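# Structural description and commentary
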Amino acid sequence: VLLYFLAWRDLTARYAQTVMGLAWAVVPPLFMMLVFTIIFNKIARFPSDGIPYPLFIYAALVPWTFFSKSLDRSGFSVVAESNLITKIYFPRLIIPLSATLGGLIDFAIAFLLLIAMMMWFGVLPTWKLVMVPFYLSLTVMASLAVSLWLSALYVKYRDIAAVIPLLIQVWMFASPIVYPISMIHQEWQALYSINPMVGVIGGFRWAILGTPAPDPAMLALNVLTIAVFLIFGMAYFNRMANTFADVI
């Protein structure tokens, strides 16, 4: 019940007293799509696996926006709920989890626009669309894994407030958003796939647009990385949770 309440409160607070309301779920990725298309396609001439570049970009920005916004919200979530933490006891894990899951509504709205864009560009979905929930679950787990580390560290080290925006910005260009995975040299593929968003973005594009399928070995490495980050993130968060009320 508390998880639902916190997630719903976060959603309503984000769009309360806004003119555009839920439309803000698609404005940032749309704006980024336009900017990236001009810079990386019209000027830099980046390839797009035979897919119209705006659609190629937007298909990556849908899971990436969920991931980046989750880090931004969840990283500060524990400190933001300091009044609640110092008054009652409940599993502290609920706080970053609710902040992460609160972005699913935004994801759904952005995904519907993606389907509309596919119709506009004449790219029809195939049976691979059934794999979207799998890659969405990977996105949620990757978001939660990183958020657990950031939210626990932010309680003790407020420098994390400056690190999170920088981390998101660098991580975006270290992920295959504006370029296809095929641009990464083969000898660097394994190291590159340690980035959990590589498999997520590649998988989304494959499931939705029919781009080349992710390499099974690289995808397995991706899933393993996410699992390790999540397991150790939960262990570290739960160990630090006992001190939250005292430190905050």
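Everything numeric here is computed off the predicted structure, so don't read it as measured data.

## Some details on the overall build of the protein chain
Secondary structure assignment for the protein chain yields 13 helices and zero strands. Listed N to C, the secondary structure of the protein chain is α-α-α-α-α-α-α-α-α-α-α-α-α in terms of helices and strands. Its C-alpha atoms give the protein chain a radius of gyration of 19 Å, near enough to 18 Å, the size a compact globule of 248 residues would have. Expressed as lengths along the three principal axes of its C-alpha atoms, the size of the protein chain is roughly 55 × 45 × 35 Å. A burial count over the protein chain gives 48% of its 248 residues as buried. For the protein chain, restricting intrachain contacts to residue pairs at least 6 apart in sequence, the fraction spanning at least 24 positions comes to 80%. Side-chain charges of the protein chain comprise 13 positive and 9 negative groups, with the mean position of each set lying 5 Å from the other.

## What about the side chain of N195?
Within the secondary structure layout, N195 lies in the loop between α10 (189–192) and α11 (196–209). Of note is the side chain of N195, whose polar atom sits 3.0 Å from the side chain of S175. Of the polar contacts made by the side chain of N195, one reaches the backbone nitrogen of M197; its length is 3.0 Å. Excluding residues within four positions of it along the chain, N195 makes contact with W171, A174, S175 and N222.

## Comments concerning the packing of helix α3 (residues 53–74) against α11
Running from N to C, α3 and α11 point in directions that differ by 135 degrees, and their axes come no closer than 9 Å. On the basis of the axis angle, α3 is oblique to α11. In this structure, α3 meets α11 at a crossing whose hand is right-handed. Counted together, L55, F56, I57, A59, A60, P63, W64 and F67 of α3 and M197, V200, I201, F204, R205 and L209 of α11 form the full contact between these two elements. Tallied by class, residues from the contact of α3 with α11 come to 13 nonpolar, no polar and one charged.

## Observations concerning the environment of Y179
Mapping Y179 onto the fold places it in the loop between α9 (160–173) and α10. For the pair Y179 and A207, spaced 28 residues apart in sequence, the C-alpha separation works out to 17 Å. Those residues in contact with Y179 that sit more than four places away from it in its chain are F46, F56, F173, A174, I184, Y192 and R205. Among the polar contacts made by the side chain of Y179, one reaches the main-chain carbonyl oxygen of F173 at a distance of 3.1 Å. Looking at Y179, its side chain comes within polar contact range of the main-chain oxygen of S175, at 3.2 Å.

## Topic: unusual backbone geometry
Phi is mostly negative for residues that are not glycine, and the peptide bonds are mostly trans. The residue R45 is not glycine, and still its phi comes out positive at about 60 degrees. Among the structural elements, R45 can be located in the loop between α2 (27–43) and α3. In this model, D49 sits at a positive phi of 55 degrees, which is unusual for a non-glycine residue. Counting through the fold element by element, D49 comes out in the loop between α2 and α3. Judged by relative accessible area, which is 32%, D49 ranks as partly exposed.

## Here we look at the layout of surface pockets
Looking at the largest pocket, its volume works out to about 380 Å³. Taken together, 20 residues line the largest pocket, and the ones lying closest to its centre are I181, P212, A213, P214 and D215. In terms of residue count, α11 provides more of the lining of the largest pocket than any other element does, four residues in total. Broken down by class, the residue content of the lining of the largest pocket amounts to nine nonpolar, eight polar and three charged.

Rules behind the numbers
Residues numbered from 1 in each chain as written. Predicted model: local features only at pLDDT ≥ 70, side-chain atom pairs only at ≥ 80, totals over all residues. Heavy atoms only, no water. Helix = DSSP H or I, 4+ residues; strand = E, 2+ residues; numbered from the N terminus. Rg over C-alpha atoms; globule rule 2.2 N^0.38 Å. Buried < 20%, exposed > 50% of the residue type's maximum accessible area, 1.4 Å probe, protein only. Contact = heavy atoms within 4.5 Å. Lys, Arg positive; Asp, Glu negative; His and termini not counted. Charge placed at Lys NZ, Arg CZ, Asp CG, Glu CD. Polar contact = N/O pair within 3.5 Å; in protein donor to acceptor, adjacent residues only side chain to side chain. Axes fitted to C-alpha atoms, helices over the stretch in contact; angles between N-to-C directions. Parallel < 35°, antiparallel > 145°, perpendicular 65-115°, else oblique. Left-handed = near helix turned anticlockwise from the far one by under 90°. Nonpolar A, V, L, I, M, F, W, Y, C, P; charged D, E, K, R; others polar. 1 Å grid on protein atoms, 1.4 Å probe; cavity = no way out; pocket = protein on both sides within 12 Å on 5 of 7 lines; lining within 4 Å. Points joined across faces, edges and corners; volume = space filled by probe spheres on them.

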